[in-house]
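One letter stands for each residue in the lines below.
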Amino acid sequence: SQAASSLLQVCEPSGYSDDECAAMDWDNLGFGLIPTDYMYSMKCYDDQIFEQGQLSRYGKIELSPSAGGLFEGLKAYRKENGQLVLFHPDQNAIRMQIGAKRMCMPYPSTDQFIDAVKQTTLANKRWVPPPGKGSLYIRPLLMGSGPILGLAPAPECTFLVFASPVGNYFKEGLAPLNLYVESEFHRATHGGAGGVKTISNYAPVLKALSRAKSRGFSDVLYLDAVNKKYVEEVSSCNIFVVNGNVISTPPTNGTILAGVTRESIIEIACDYGYQVEERRIPVDELLDAEEVFCTGTAVVVAPVGSITYQDRRIEFKTGAQSVCSELYSTLVGIQTGLIKDKKGWTIEI
Ligand code: COI
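All values derive from a computational prediction rather than experimental measurement.

A. Local environment of the overall build of the protein chain. Assigned secondary structure in the protein chain consists of 7 helices and 17 strands. Counting only C-alpha atoms, the protein chain reaches 80 × 50 × 35 Å along its principal axes. The buried share of the protein chain, taken over its 349 residues, is 33%. Restricting to contacts in the protein chain with at least 6 residues of sequence separation, those with at least 24 account for 64%.

B. Fine view of the confidence of the model for the protein chain. When the pLDDT values of the protein chain are averaged, the result is 90; 95% of them are 70 or greater. Predicted confidence is poor over residues 6–11, with pLDDT under 50, and the contacts of this stretch with residues over four places away or in other chains come to 3 contacts. Interface confidence for the predicted complex, given as ipTM, is 0.97, next to a pTM of 0.89.

C. Quick look at the nonpolar core. Core analysis: the biggest nonpolar cluster contains 67 residues, and Leu179, Val220, Leu221, Val292, Cys294, Val301 and Leu327 have the highest contact counts within it. In terms of residue count, the dominant contributor to this core is helix H7 (residues 323–336) (6 residues). Apart from the residues lying within four places of it in its own chain, the contact partners of Cys294 are Leu177, Val234, Cys237, Asn238, Ile239, Val299, Ala302 and Val304.

D. View of the environment of Gly296. Note that Gly296 resides in strand S14 (residues 291–296). The buried category is assigned to Gly296, around which 22 C-beta atoms lie within 10 Å. Residues Gly296 and Ala258, spaced 38 residues apart in sequence, show a C-alpha to C-alpha distance of 9.7 Å. Ignoring any residue separated from it by four or fewer positions in sequence, one finds Gly296 in contact with Ser236, Cys237, Asn238, Gly259 and Thr261.

E. Representation of the packing of helix H2 (residues 89–102) against helix H3 (residues 110–123) in the model. Relative orientation of the contacting elements H2 and H3 amounts to 125°, with a least axis distance of 9 Å. Taken together, the axis directions place H2 and H3 in an arrangement best described as oblique. As H2 packs across H3, the resulting crossing turns out to be right-handed. Here Pro89, Asp90, Ala93, Ile94 and Met96 of H2 come into contact with H3, specifically with Thr110, Phe113, Ile114 and Val117.

F. Just the packing of helix H6 (residues 260–271) against H7, in detail. Following both chains from N to C, one finds H6 and H7 inclined at 110°, their axes separated by 10 Å at the closest point. The pairing of H6 with H7 is recorded here as roughly perpendicular in orientation. Where H6 crosses over H7, the handedness of that crossing is right-handed. Packed against H6, whose contacting residues are Ser264, Ile265, Ile268 and Ala269, the element H7 presents Leu327, Thr330 and Leu331 at the interface. Residues belonging to the contact of H6 with H7 are distributed by class as follows: 5 nonpolar, 2 polar and no charged.

The rules behind the values
- Residues numbered from 1 in each chain as written.
- Predicted model: local features only at pLDDT ≥ 70, side-chain atom pairs only at ≥ 80, totals over all residues.
- Helix = DSSP H or I, 4+ residues; strand = E, 2+ residues; numbered from the N terminus.
- Buried ≥ 20, exposed ≤ 12 C-beta atoms within 10 Å, placed from the backbone.
- Contact = placed C-beta atoms within 7 Å.
- pLDDT = per-residue confidence, 0-100.
- Core = buried A, V, L, I, M, F, W, Y, C linked by C-beta atoms within 7 Å.
- Axes fitted to C-alpha atoms, helices over the stretch in contact; angles between N-to-C directions.
- Parallel < 35°, antiparallel > 145°, perpendicular 65-115°, else oblique.
- Left-handed = near helix turned anticlockwise from the far one by under 90°.
- Nonpolar A, V, L, I, M, F, W, Y, C, P; charged D, E, K, R; others polar.

As structure tokens, then:
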């Protein structure tokens, strides 16, 4: 375009004409990155329309710290006495390390990770909500930030931590969720990265999730990609099924994210005397389930009121007398300091 050629004229290093090739060894051209002079960029926001783009010198770009990559999520709470507490940051550090190994990335040590989380939380202390009003969601993020053209681990990685005060994840608040069982799309396959907390684990759900939301559902429950039969997880959280004294949840076999809240709920449920089974759950079993609930850092412990599967809507028990409610109260009690933490899950900072 005219705009581009006039920019080229203005910016072209003196002594070169447009028609000359750059001075370099053209006989030994491989597939490594050789930075050229210009790049083009344009942005698209919520309206889905790309605005007028422009050429600029090839160089570093500005990126929101909250742009995705390999990421973690944990929360800080403000106790009644004003003390700030972090929930299980070591577990998030370890999960990031496991994910980084899978993605061929360097990773911070557990001490470096926790120190960064503590510093970020304390620096943003005024954003930790008052007791009972929510929490500070902390997002440690690891991303390849160095230049590369071929397929290989990034030559430079950046670890950063940012935080945001949050309330309930679902617009339903604490009201029961209505889930939709997805039959067309899958979120993960064996040998893939479904068990890694990376954006590639979440991007595949967006299509099914937006479709389900437009039909009034809270979230989507995915089935295994091989048999299309076994319950895996929800876009944003893990899932549990309750029948009498038995609580079942799918095993984290590589296609399911090993949730820190999932693990904590399994432990709390065992302490209460429930029999917890990690096993494959055929979707048909939901027809007979008494209760279903979801767990996740963002979601916490959320009751499921209904699941729609192949045009059939199945309803479940919810409310104050439910197992979900009992487990939710205990977990949140420990997280917020209302219940003494005998497990060493919380860190005061
Ligand atoms: C979390 O629970 O921490 C997550 O990262 C889930 C995401 C959908 C917000």
